Amino acid sequence: MDLPAGIRNFSYATDMAIFRTKTHWALLLALLVILFTAPLYWGNYWLGVANLIGITIIAATGLNILLGYCGQLSIGHAGFIAVGAYTAAVLTNRLELPFLVGLISAGVAAGLIGLIFGIPSVRVKGFYLAITTIAAQFIIIWVINHWSSVTGGFTGISVPLASIGGFVFKSEASQFYLIITITIICIFFAKNLVRTRVGRAFIAIRDNDLAAEVMGINLFRYKLLAFFIGCFLAGIAGSLLAHWIGFMNAEQFSLTESILYIGMIIIGGLGTTIGPILGVVFIRLLQQVLTVQVVPFLESTVALPAGFASGVTPMLFGLAIVLFLVLEPRGLAHRWMLFKSAYRLWPFSY
Amino acid sequence: MDELLQFVITGITVGMVYALIALGFVLVWKSSGVANLALGQLVLISAWFTYGMLVQAGLPLWLGFPLVVLFALALGWIIERFVLRPLIAQPILSLITVTLGLGYFIEGVVTFIWPWSVDALPRLFPREPLHIGTAVVSQEYLWAAAISLVLFGLLSLYFKYNKMGIAMRATADDQMAVQACGIPVTKIFSRSWMFACVLAAVGGILMSSIGGITFGLVETGLKAFSVVILGGLNSFLGAIVAGPLIGLAENLGGGYLTPLTWPGVREVIPFIIIIIVMFLKPYGLFGEVRIERI
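Residues numbered from 1 in each chain as written. Chains lettered and ligands numbered in written order. Predicted model: local features only at pLDDT ≥ 70, side-chain atom pairs only at ≥ 80, totals over all residues.

1. A look at the overall build of chain A
For chain A, the helix and strand inventory stands at 15 helices and 4 strands. Here chain A has a C-alpha radius of gyration of 21 Å; the compact-globule value for 350 residues is 20 Å, and the two agree. For chain A, the C-alpha atoms occupy an extent of roughly 65 × 55 × 50 Å along the three principal directions. Residue burial in chain A is summarised as follows: out of 350 residues, 44% are buried. (Helix = DSSP H or I, 4+ residues; strand = E, 2+ residues; numbered from the N terminus. Rg over C-alpha atoms; globule rule 2.2 N^0.38 Å. Buried ≥ 20, exposed ≤ 12 C-beta atoms within 10 Å, placed from the backbone.)

2. Some points on the overall build of chain B
Helix and strand content of chain B: 11 helices and 2 strands. Taken from the N to the C terminus, the helices and strands of chain B come in the order α-α-α-α-β-β-α-α-α-α-α-α-α. Taking 19 Å as the expected radius of gyration for a compact globule of 294 residues, we find that chain B reaches 19 Å, a close match to that expectation. Each of the three principal axes of chain B carries a C-alpha extent, and together these read 60 × 50 × 35 Å. A buried classification covers 49% of the 294 residues belonging to chain B. In chain B, the proportion of contacts linking residues at least 24 apart, taken out of those at least 6 apart, comes to 75%. (Contact = placed C-beta atoms within 7 Å.)

3. Looking at the interface of chain A and chain B
Taken residue by residue, the interface counts 43 residues in chain A and 41 residues in chain B. Elements with a minimum of two residues in the side of chain A that touches chain B: α6 (127-146), α10 (209-214), α12 (255-268) and α14 (308-327) of chain A. Tallied by class, the residues present in the side of chain A that touches chain B amount to 30 nonpolar, 12 polar and 1 charged. (Nonpolar A, V, L, I, M, F, W, Y, C, P; charged D, E, K, R; others polar.)

4. Looking at the nonpolar core
Core analysis: the largest hydrophobic core is formed by 192 residues, its most contacted members being Ala 82 of chain A together with Ala 22 of chain B. Non-local contacts of Ala 22 of chain B, meaning those with residues more than four positions away in its chain, are made with Ala 224, Val 227, Val 228, Ala 239 and Gly 243 of chain B. (Core = buried A, V, L, I, M, F, W, Y, C linked by C-beta atoms within 7 Å.)

5. Thoughts on the confidence of the model for chain A
Per-residue confidence for chain A averages 88 on the pLDDT scale, and 98% of its residues sit at or above 70. Looking over chain A, one finds the lowest element-wise mean pLDDT in helix α1 (residues 12-16) of chain A, namely 80, and the highest in helix α11 (residues 219-245) of chain A, namely 94. (pLDDT = per-residue confidence, 0-100.)

6. With respect to the packing of helix α1 (residues 2-32) of chain B against helix α8 (residues 185-211) of chain B
All names here are of chain B. Packing of α1 against α8 leaves a shortest axis separation of 8 Å and a crossing angle of 170 degrees. On the basis of the axis angle, α1 is roughly antiparallel to α8. When α1 is examined against α8, the residues Val 17, Leu 20, Ile 21, Leu 23, Gly 24, Phe 25, Leu 27, Val 28, Ser 31 and Ser 32 are found in contact with a partner set consisting of Ile 188, Phe 189, Ser 192, Trp 193, Phe 195, Ala 196, Leu 199, Ala 200, Val 202, Gly 203, Leu 206 and Met 207. Of the residues in the contact of α1 with α8, the class split is 17 nonpolar, 5 polar and no charged. (Axes fitted to C-alpha atoms, helices over the stretch in contact; angles between N-to-C directions. Parallel < 35°, antiparallel > 145°, perpendicular 65-115°, else oblique.)

7. Remarks on α8 of chain B
Since the α-helix turns once every 3.6 residues, residues separated by three or four places project in the same direction. Residues and elements named next belong to chain B. In this model α8 runs 38 Å from its N-terminal to its C-terminal C-alpha over 27 residues, within 8% of the 39 Å that 1.5 Å per residue would give. In terms of residue burial, α8 counts as a mostly covered element, since 22 of its 27 residues are buried. Looking one or two places after α8, you find Gly 212, whose phi comes out positive at around 85 degrees. (Expected span 1.5 Å × (residues − 1).)

8. Here's the deal with unusual backbone geometry
Residues and elements named next belong to chain A. The phi dihedral of Glu 96 is positive, around 55 degrees, even though this residue is not glycine. Position of Glu 96 relative to the elements: it lies in the loop between α4 (77-94) and α5 (99-118). Classification of Glu 96 by C-beta neighbours within 10 Å gives exposed; the count is 9.

9. As for the confidence of the model for chain B
In regions of low pLDDT, the predicted coordinates are not meant to be interpreted in detail. Mean pLDDT over chain B works out to 87, with 99% of the residues at or above the 70 mark. Both confidence scores are given for the complex: pTM 0.91, ipTM 0.88.

10. So, the environment of Leu 47 of chain A
One can find Leu 47 of chain A in helix α3 (residues 44-69). Along the backbone, Leu 47 of chain A and Gly 331 of chain A are 284 residues apart, and their C-alpha atoms lie at a distance of 27 Å.

11. Section: the packing of helix α2 (residues 39-56) of chain B against α8 of chain B
Residues and elements named next belong to chain B. Interaxial distance between α2 and α8 falls to 8 Å at its minimum, and their mutual angle equals 65 degrees. Relative to α8, α2 is oriented so that their crossing is right-handed. Two secondary-structure elements touch here, α2 through Leu 39, Leu 42, Val 43, Leu 44, Ser 46, Ala 47 and Thr 50 and α8 through Cys 197, Ala 200, Ala 201, Gly 203, Gly 204, Ile 205, Met 207 and Ser 208. Across the contact of α2 with α8, the residue classes break down as 10 nonpolar, 5 polar and no charged. (Left-handed = near helix turned anticlockwise from the far one by under 90°.)

12. What about the environment of Leu 233 of chain B?
Residues and elements named next belong to chain B. You can see Leu 233 is positioned in the loop between α9 (216-231) and α10 (236-257). Note on Leu 233: 26 C-beta atoms within 10 Å, which makes it buried. Along the backbone, Leu 233 and Val 289 are 56 residues apart, and their C-alpha atoms lie at a distance of 9.9 Å. When neighbours within four sequence positions are excluded, Leu 233 is seen to be in contact with Val 26, Trp 29, Val 228, Gly 284 and Gly 287.

Laid out in structure tokens, this is it:
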């Protein structure tokens, strides 16, 4: 279907493979080489941006499995990330457990909390689920803010640097390697998940859950599984975020952050693997460029109203979400597909 | 005992305002099936616009309030025409998320124009407290409840006797049939959005005259969601009954549970109620259980 001319597959396995041609493998190799040599020519600033993007991609991939593939709307994603971040922070700071233990338990803890708030999804959907997850967000943040003997409350909690064995991820570059490796593993996991029975069940539930149930898909099990996987990835992202920033405060996980995550995967394209990546890169880069380059530049040249700096970001992002939904509901991923097929057929695109 | 009476009266009166805002949500949901998650932001921006009219422009009340209502009507029309109408017949997920984006945008506009983010409206109601039995209640709450009641009454008369109101009820019942009768459904949609915005504006003015204009108004909008969830998404009666219930739970819980749990429990009680309702009776007290077909 979208193979270049002259390529034929003679077995089912080669037809279903993610990387089907030599060009695919060459491009993959080139991408990996560029990514893993990036610290050599990127400065610390851009490495920091890349780290944030990597962490966000993990969380957005989780949300994409939940919303894009299984069709279960969650507006409390930042809350689930917070659960992961605080689990990792408490385990590594107060109990001094190793980083990897904290990472896995962060994922599991966020997944379990997600399961609890996901239970209503078995009976309701759409708006009801949206409200349940908003409620989850507020309850989680409230508990974090007030359970101060464990979480540090409003003052926050400091998190030690990540370390595996004896190696401490001290510099931005070493953290980049850690984060990018986990990000790639997560993307690979997500890509393959949707090619299995579980992934196809998710898609069936998204398209019509009644029909899916009639076909013999156990709705209870698969919806909760989607919540667990989506929130597990959120927890992993939260743990990485905690170790990367080094200091946790519940303010980092507001409702607007949750809305931003939904915006990211809508702008990127729901229900595609590339979508969250494109959306996250788009939003995070825009955020960086706006707050670091454009706004200070404008402020130094033109007299701006006082609310410009803080107001322009939500305005632009809200507008972007609305415009993408109205004009290009399939997101950047669809544009990317169009580009790819145009490129394959060029110059004879008849 | 005085305490109890005080909590009850405050709770019921504040709950009336929640019910008023929630009514705007129910209107839009019933007529067009759109879940308006930007409710809190609509409350916020209309409160700030009122501030702009009354304080910044220094207009008298008789000119300021009609302008606020006009602004709310225009806002509702614009939202329906340019955001929701292109999305008619899209999946419910896009309809929900588009209002999220809209709310985010409105929040940006508010911080853009009024960056100081906390202020107070001029005094609208007399402030000396009333003594009811042994309880002391500030008059503002009673005024707010009275205004909400009057609006409920007007709205129910409108839906019962006005031609457009009857058409709106019919649209809520069956869109196809209404279209076949020659009633312009899109006009009904925009009418319901305009009403929702006016209700949000009135709710915003009442809430901010009690507690000042803060970003807490967005949470007032979110509390209105707990009202619609408890009352049932497509029930006007549900909203009117559930509003005072939520207000009561919030004030009684805030009064008696704070020493037992953590401070700030008042703020999360509506959300805890949402979760409980979701587990026990997801379609609310008066909500209609939708039976789906493949």
